[in-house]
Amino acid sequence: MKVLVYGSGGRDHCLADKYADSQHVDKVYFAPGNPGILQTPKGHEERRLIELVHLKDFGEAADFCVERGVDLVDVGSENPLEEGLIDVLNDRGIRTIGPRKDYVKIESDRAFTDDLLRRIGVPKPEYQVFDDPEKAKTYVRNIGYQVVVKANGLAAGKGAIVCDEVPDAIAAIDKVMIEAVFGESGNRVVVEERKYGTELSFFAYLDGEHVLPLKMFAQDYKPAFDPDDRASIEQFGGNLNTGGTGCYCPHKLVSPWLINRIIKEIVNPTVNEIYNNLGWPYKGVLYFGLNLDPYDNLDVFEINVRHGDPEWEVLARKLSTDLFEMGMAVWEGSLDQIKQVWNNQHYVDVIAMEGRSKASRGWNKGYPGRYGKGHKIIGLDEIERGIAIYFAGVDENPQKGLVTYGGRVLHVVAGDPTLKGAREKAYRNIKKLVFLDHNNNGANCLRFRHTIGL
Ligand code: GLY
């Protein structure tokens, strides 16, 4: 069987890797993919179990699938889904995992989803939607409690600004609506009550008829810095949200009773609404970003149409079920036949980010602020056996080889029978890596958080 994974980040690399592990699959195409894959055993030119392909548009992707006889396409991220890749492929009779364009609005239009959840009685924080910044500011001045200001549209998982005081909320509204830091996604904002508690990321596969909730969940670490890194937090003007700095699973809250509650209170009513009232034969993944507060109340923060990144990178390691069998069941409407199996390991993913580096003039602060690129990545051959490296923001340089290209550069994922052991392995290995700052005498400009999994 042949699979095409469409995407280029760490989650997509991990999807390609997991499909390559399937007993049914002898080739995974990865488009546009990233050149990091060439450094891995499965992507190395001697083996080419995973192969990079360059497809200039969705039409070419469909032609490629037909010509090569691709059996299944998995679209890992929200942007090609919103641009309608699934529709183009399905119109050509190609099997896919991922929602059609019209169904992506459950992620790309927060106001739509918040209203849907309110209508069906699924718990979520209090919220109001605004198109006018002045009205949003009047609202936050009047309500008194703390809020989160969210861009209504897609923002690569970064569109939520958590506010302490009213001036922070006013500044956040200005940032999103006036300075447009998230582009047009911030023309409309959702101002939501700030919740305290523990966040968890819960996933379900849908096949248009059945739902397969994953009975395992993970925790993402979105703030850029460790809580005690006061100097960085001050320098960046707050502990900014990132697309995720690391992750672990099983989440400390995993228990059969909480999983049952999540399925009963949140997943089932939402899926029922999608299938039976909206009439969407949704085939793909739903991601429920949840909070459990100190009084044991669950709330939905967001729903996404794809796996979380980095949550998938740890869940995929823990999942023993054949991903190709799950994927085909999504397409064929037979998810009720799938048995999910989880191994007994704990997993920790620590993300290597671009840190402070020297620019041609001055300094780059590093991710999630402005970051440098083109730093040679060294130490990959020192990584111990059994550690997974998933590449994200990397590029190939003719002289230097693999170099950094994005803010989140790569994931170091370790598994162990204990969480402590998984943490130790992940940290021991990430410390073997160096991003060589060529403008600063080869200093290491790799940065990572130290508290993942604590
Ligand atoms: N980890 C958060 C996200 O994927 O949006």
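About the cut-offs
Residues numbered from 1 in each chain as written. Predicted model: local features only at pLDDT ≥ 70, side-chain atom pairs only at ≥ 80, totals over all residues. Heavy atoms only, no water. Near = heavy atom within 4 Å. Polar contact = N/O pair within 3.5 Å; in protein donor to acceptor, adjacent residues only side chain to side chain. Areas by Shrake-Rupley, 256 points an atom, 1.4 Å probe, with all protein chains shown as cover. Nonpolar A, V, L, I, M, F, W, Y, C, P; charged D, E, K, R; others polar. Salt bridge = Lys/Arg side-chain N within 4 Å of Asp/Glu carboxyl O. Buried < 20%, exposed > 50% of the residue type's maximum accessible area, 1.4 Å probe, protein only. Helix = DSSP H or I, 4+ residues; strand = E, 2+ residues; numbered from the N terminus. Contact = heavy atoms within 4.5 Å. 1 Å grid on protein atoms, 1.4 Å probe; cavity = no way out; pocket = protein on both sides within 12 Å on 5 of 7 lines; lining within 4 Å. Points joined across faces, edges and corners; volume = space filled by probe spheres on them. Pairing = 2+ DSSP bridges. Axes fitted to C-alpha atoms, helices over the stretch in contact; angles between N-to-C directions.

### Description of the site of the ligand
Residues in close proximity to the ligand include Gly-157, Asp-220, Lys-222, Gly-243, Tyr-287, Arg-306, Gly-308, Asp-309, Pro-310 and Glu-311, which together make up its full environment. Within the side chain of Asp-220, a nitrogen or oxygen atom sits 2.8 Å from a nitrogen atom of the ligand. Between the ligand and the protein, one listed contact pairs a nitrogen atom with a side-chain N or O atom of Glu-311 at 2.8 Å. For the ligand, the accessible surface in isolation is 200 Å², of which the surrounding protein chains cover 97%. By residue class, the composition of the shell around the ligand is 2 nonpolar, 3 polar and 5 charged.

### Digging into the pattern of salt bridges
This model, assessed by the stated rule, comprises 29 salt bridges. The salt bridge involving Asp-91 is made with Arg-100; its shortest N-O contact spans 3.8 Å. Asp-91 sits in the exposed class, given a relative accessible area of 62%. Linking Lys-137 and Glu-134 is a salt bridge whose minimum nitrogen-to-oxygen distance equals 3.7 Å. Note that Lys-137 and Glu-134 are positioned in helix H7 (residues 133-143) at a spacing of 3 residues, about one turn of the helix. Because the salt bridges share partners, they merge into one network encompassing Arg-11, Glu-78, Glu-107 and Arg-306.

### Notes on the environment of Val-330
If you trace the backbone, Val-330 turns up in helix H12 (residues 323-332). Spatially, the C-alpha atoms of Val-330 and Val-104 are 17 Å apart, while their sequence positions differ by 226 residues. Here Val-330 is in contact with Ile-97, Tyr-205, Leu-206, Asp-207, Lys-283, Gly-284 and Leu-335, once residues within four sequence places are set aside.

### Topic: the layout of surface pockets
One number sums up the size of the second largest pocket: a volume of about 530 Å³. Lining the second largest pocket are 19 residues, with Thr-40, Pro-41, Ile-387, Ala-388 and Ile-389 sitting closest to its centre. Mapped by element, the contributors of at least two residues to the lining of the second largest pocket are helix H1 (10-20) and strand S20 (388-391). Broken down by element, the residue count for the lining of the second largest pocket peaks at 4 residues, all from S20. Classifying every residue of the lining of the second largest pocket gives 8 nonpolar, 4 polar and 7 charged.

### Structural notes on the sheet that holds strand S15 (residues 298-304)
In space, the 4 strands of this open sheet follow the order S11-S10-S14-S15, with antiparallel pairing throughout. A strand with exactly one partner marks an edge of an open sheet, and here the two such strands are strand S11 (211-213) and S15. This sheet shows a mean twist of 30 degrees between the axes of neighbouring strands, independent of strand direction. Across 3 bridges, strand S10 (residues 198-207) lies against S11 in antiparallel orientation. Considered in S11, the bridge of Tyr-205 is made with Leu-212.

### A few points about the side chain of Thr-451
Mapping Thr-451 onto the fold places it in the segment after strand S26 (446-447). Residue Thr-451 is classed as buried on the basis of its relative accessible area, which comes to 19%. At 2.3 Å, the side chain of Thr-451 and the side chain of Asp-226 are in polar contact.

These figures capture arrangement, not role.
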